Amino acid sequence: MKNIKLTYTKMTILLGCIFITIASCERELSDEAVFATFPTAPEVFNDSPVGLGTDFYFPYINSKATAWSVDEKESYEGSASMRFDVPNANDPEGSFAGAIFRIDGEGSGRNLTDYDALTFWAKATQSVTIGEIGFGEDFGENKYVVGRKAIDLTTAWKKYIIPIPDPSKLIQERGLLRYSTGSLLGSGYTFWLDEVRYEKLGTLAQPKPKILNGVDVEETTFIGTQINLSERGLTQTFNLPNGVNQEVTAAPSYFTFESSNPEVAIVNELGVVTVLDAGSATITATIAGVKAAGSLTLQSLGNFAEAPVPTRDPANVISIFSDAYTNVPVDYYNGFFTPDGQTTQGGEPPLTLGSGQVINYTQLNFVGIGTFLNVSSIDASQMTHLHVDINVQEAVESGDYITLQLLNSVGNNETSGSVRITDNQLQSNQWVSLDVPLNDFGLANRDKLGLLFFISDNTISNIYVDNIYYYKE
Amino acid sequence: MNKITAYKFKLPAIALPSLLLVLAFVAASCSTDQTQTVATFNKLSMADEFDVDGAPNSSIWNFDIGTGQNGWGNNELQYYTNRPENVVVQNGVLIITAREENFNGSAYTSARLLTKGKFQQQYGRWEARIRLPYGKGIWPAFWLLGDDKNGTEIWPEIGEIDIMEYLGDEPTRAFGTVHGPGYSAGESISKSYQLQNDRFDTGFHVFGIEWGPEYINFYINDVLYNQITPEDVPGEWVFDDDFYIILNMAVGGTLPGAPNAETTFPQRMLVDYVRVYEMNKN
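Residues numbered from 1 in each chain as written. Chains lettered and ligands numbered in written order. Predicted model: local features only at pLDDT ≥ 70, side-chain atom pairs only at ≥ 80, totals over all residues. Heavy atoms only, no water.

Going by what an unreviewed UniProt entry lists, chain B is known as Endo-1,4-beta-xylanase A and is assigned to Jejuia pallidilutea. Its UniProt record gives chain B a comment under Sequence similarities (unreviewed entry), which states: "Belongs to the glycosyl hydrolase 16 family." (UniProt positions renumbered as here; feature names shortened; annotations may be inferred.)

With an unreviewed UniProt entry as reference, chain A is termed Glycosyl hydrolase family 16, source organism Jejuia pallidilutea.

Next up on the list: the overall build of chain B. In terms of regular secondary structure, chain B is built from three helices and 17 strands. For chain B, with 282 residues in total, the buried portion stands at 50%. A separation threshold of at least 6 residues defines the contact pool for chain B, and within that pool the share at least 24 residues apart is 71%. Surface accessibility of chain B: about 14,000 Å² in total, with carbon and sulfur atoms responsible for 52%. (Helix = DSSP H or I, 4+ residues; strand = E, 2+ residues; numbered from the N terminus. Buried < 20%, exposed > 50% of the residue type's maximum accessible area, 1.4 Å probe, protein only. Contact = heavy atoms within 4.5 Å. Areas by Shrake-Rupley, 256 points an atom, 1.4 Å probe, with all protein chains shown as cover.)

The next subject is the domain arrangement of chain A. Residue and element names in this part refer to chain A. By the assigned domains, chain A splits into domain 1 (43-199), domain 2 (206-300) and domain 3 (314-471). Facing four residues of domain 2, the contacting portion of domain 3 comprises four residues. Of the roughly 360 Å² buried at the junction of domain 2 and domain 3 (both faces included), carbon and sulfur atoms supply 49%. At the junction of domain 2 with domain 3, the criterion picks out zero salt bridges. Between domain 2 and domain 3 we count zero residue pairs in polar contact (both at pLDDT 80 or more) in total. When its residues are assigned to classes, the side of domain 2 that touches domain 3 shows two nonpolar, two polar and no charged. (Domains from an automatic or database assignment. Buried area = accessible area lost by both parts, 1.4 Å probe. Salt bridge = Lys/Arg side-chain N within 4 Å of Asp/Glu carboxyl O. Polar contact = N/O pair within 3.5 Å; in protein donor to acceptor, adjacent residues only side chain to side chain. Nonpolar A, V, L, I, M, F, W, Y, C, P; charged D, E, K, R; others polar.)

Our next topic: the pattern of salt bridges. Across all of its chains, the model carries 25 salt bridges over all chains by this definition. Of the charged contacts in the structure, one is a salt bridge between K159 of chain A and E199 of chain A, with a shortest N-O distance of 2.8 Å. Taken together, the residues span a long stretch of sequence, with K159 of chain A in strand β9 (residues 158-163) and E199 of chain A in strand β11 (residues 189-199) at a distance of 40 residues. Note that R199 of chain B and D201 of chain B form a salt bridge whose closest N and O atoms lie 2.8 Å from each other. Each member of the salt-bridge network shares a partner with another, and the members are D71, R83 and D85 of chain A.

With the rule as written, the count across this model stands at 42 aromatic pairs over all chains. Ring geometry for F84 of chain A and F101 of chain A: centres 6.5 Å apart, planes at 80°, overall edge-to-face. You can see F84 of chain A sitting in strand β4 (residues 81-86) and its partner F101 of chain A sitting in strand β5 (residues 96-102), a full 17 residues away along the chain. The same class applies to F84 of chain A as to F101 of chain A, namely buried. For the pair F304 of chain A and W431 of chain A, a centre-to-centre distance of 6.3 Å together with 90° between the ring planes defines the contact as edge-to-face. Taken as a pair, F304 of chain A in the loop between β21 (295-300) and β22 (317-321) and W431 of chain A in strand β29 (residues 431-437) lie far apart in primary sequence, 127 residues in all. Per residue, the accessibility class of F304 of chain A equals that of W431 of chain A, and both read buried. Aromatic rings pair up to connect F56, Y57, W68, F84, F101, Y179 and F191 of chain A into one cluster. The aromatic ring of W72 of chain B is capped on one face by R112 of chain B, whose charged end is 4.5 Å from the ring centroid. Sitting over the ring of Y277 of chain B, R125 of chain B keeps its end group 4.6 Å from the ring centre. (Phe/Tyr/Trp six-rings, centres within 6.5 Å; stacked < 30°, edge-to-face > 60°. Lys NZ or Arg CZ within 6 Å of the ring centre and 35° of its normal.)

Judged by side-chain charge, E214, E231, D232 and D240 of chain B come together as a negatively charged surface patch. Within the secondary structure, D240 of chain B sits in the loop between β15 (223-228) and β16 (243-251). (Patch = residues over 30% accessible without salt bridge, like charges linked within 9 Å, V, L, I, M, F, W, Y side chains within 5 Å. Lys, Arg positive; Asp, Glu negative; His and termini not counted. Charge placed at Lys NZ, Arg CZ, Asp CG, Glu CD.)

Okay, the interface of chain A and chain B next. The interface is formed by 14 residues belonging to chain A together with 12 residues belonging to chain B. For the pair chain A and chain B, the two sides together bury roughly 940 Å², of which 45% comes from carbon and sulfur. If you sort the residues of chain A by the area they bury against chain B, T203, Q206 and N245 of chain A come out on top, with a joint share of 40%. For the interface between chain A and chain B, the tally reads seven residue pairs in polar contact (both at pLDDT 80 or more). Its residues assigned to classes, the side of chain A that touches chain B comprises five nonpolar, seven polar and two charged.

Moving on: unusual backbone geometry. Residue P156 of chain B is bonded to the preceding W155 of chain B through a cis peptide linkage, with omega at 10°. At the junction of F265 of chain B and P266 of chain B, the peptide bond is cis and its omega measures out at 0° in the coordinates. Considering the arrangement of structural elements, one finds P266 of chain B in the loop between β16 and β17 (267-278). Residues other than glycine seldom take positive phi values, yet N467 of chain A does so here, at roughly 50°. Along the chain, N467 of chain A falls in strand β31 (residues 463-471).

What follows covers the side chain of T221 of chain A. Residues and elements named next belong to chain A. Along the chain, T221 turns up in strand β12 (residues 216-221). Side chain to side chain, T221 and T225 meet in a polar contact 3.0 Å long. Leave out the neighbours within four places in its chain, and T221 touches V275, L298, Q299, S300, L301 and G302.

Residue and element names in this part refer to chain A. Pairing in this open sheet of three strands is antiparallel, and the strands run β13-β18-β17 from one edge to the other. In this open sheet, the two edge strands, each paired with only one partner strand, are β13 (226-228) and β17 (265-267). The mean inter-strand angle of the sheet, taken between neighbouring strand axes irrespective of direction, is 15°. Direction of pairing for β13 relative to strand β18 (residues 272-275): antiparallel, over a ladder of three bridges. Paired with N228 across the strands is V272, a residue of β18. (Pairing = 2+ DSSP bridges. Axes fitted to C-alpha atoms, helices over the stretch in contact; angles between N-to-C directions.)

What follows is the structure in structure tokens.
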């Protein structure tokens, strides 16, 4: 019996040794490889800012820098709240209120991975819709910016929820709060936030991420084009406990992007698509494994065929948009007259393709290039022609047209005249160079040209435009 | 009332320690670590675990088909079918699917299963484990109706016990209700239960009742949140009879209102099991 017992003991020791040996094969990560951990404190503001350090308030450019203060007369809970005095639109110190609250100190930050929302109580001096409140902006990489837009405040305290699109990303976040809002019909007002904190609500569900606003978009493009998806409708939506589907804007880094054909187009973690070759590629995305609605399918036509290089003597040219000349200052290449029914996108800014710049107008119905607001209008009284190169990116059908319209002395005894470019003067996927006699516009004067319109009335929707200039023969 | 008061005053001094002891015991039994012995219904009388893929077990379930009278009496908008698109057993769960589609004049389809004539029981413990759908206008339910004696009795005389009702635009709240003569529809006796830090559409939850003579206890998961007795109803107690089960998902209707632009379809109600127990007479 003794012997047997002894044997068992030996066996145990032996097994133990083997186990220890095997276990000790598992090496621990070196100090360098272990993630630093950051505080997980939830509070941003209770009766005073919490854990933000001393230098944490950074107003947006042109905003009123003194808009925020701690109000010890108002609070939802405790003794104080955050007070925001939104200025009148004509306030010389700043026309709106907006800032980020960032934890002081390079390398600082909070670990917010255990929370699912930023929450706060809010009220205002009157019923008003706040422009945007969110988090994730640090004036550094701004990788995880989130914004809930158009927040309706009332004169009574009410709780608001801003969902985190994917909390697992926020291992070190410095930008704990951001806000931006303007006046109400020109007049300022005051609003308050209190008990601003991160929370694990457990009641946010049914995530519905979107890219390109949830639409499947198809575009033709060329090698070298870069498309920033952050400007193309990236959002996350959660169903709140009150049944409301709450959408927030979400920075590209919350998404995992995928290209169906990385030889044609790739996307980086900042949501920038780069076109590498001819062919077709579809960009899709997920947040935390949930597929985003919407996609971007790119038909890359290969290298961009550039417009013919102008050869006229610069002395005889007033150039609005051309790499061959020094351009006069313009207000814009797209006025976005959306309230007037304009649908046209593109032009602001022009695209850099091949060796220079080119304008791509899409969803064209009409679009204006302005030279009357903050720049000198154009005196073309000595000029004889308007030159423009147009490349239509779709089939040109009978009846299609692009009308060129000039406005002289915009808003002050303004006169206008137009010339219609008809379908037989245009070509699909090819540059055509148009030289239109200015007399054909029928203007009495052309000494204060302020707007040049391209009007297709939707007959043609996608065009490239280059080398827009007046010249004299 | 007077009688009890008189009795109390007549308590002999010697009984006081015993009374205190009883009181202490009652107080102690409120603590959560005490095992409650309310589950006297522990003999399984019916169970569908939904373990066989395909159509629901026809020995247990019937279907209501169509739109009933005035949308099943509630101006509901769906057309009930028994197509697999609306009701199927898959991967261990019963799936009732509400769809937005034009079907026989209705704008939505869904399904309604019932055990009428196939499984009926008086009293017992009735429970189901369900993951609920969400969205405005979505109205799922797990409920019981009393036997109508071959059409000789009508609602609300037959009695109705709603073990679970839920409105898709209030994803953290479910409610249990009884209907009877003098306390039906808007006057029904109801209580809701609010989940804390959780929702009914993100995971499975157990909805049940313990129903005996002169009481119905309503519970969700491990929380007993209501008891209804004859004293709580302003009419005849009609819950001493055979009842059958209904599982359905309505779309629209008087109570939830119509779906809105943000309601997404299809919506699915997942039922992991339905189990009914009776008193173990051994």
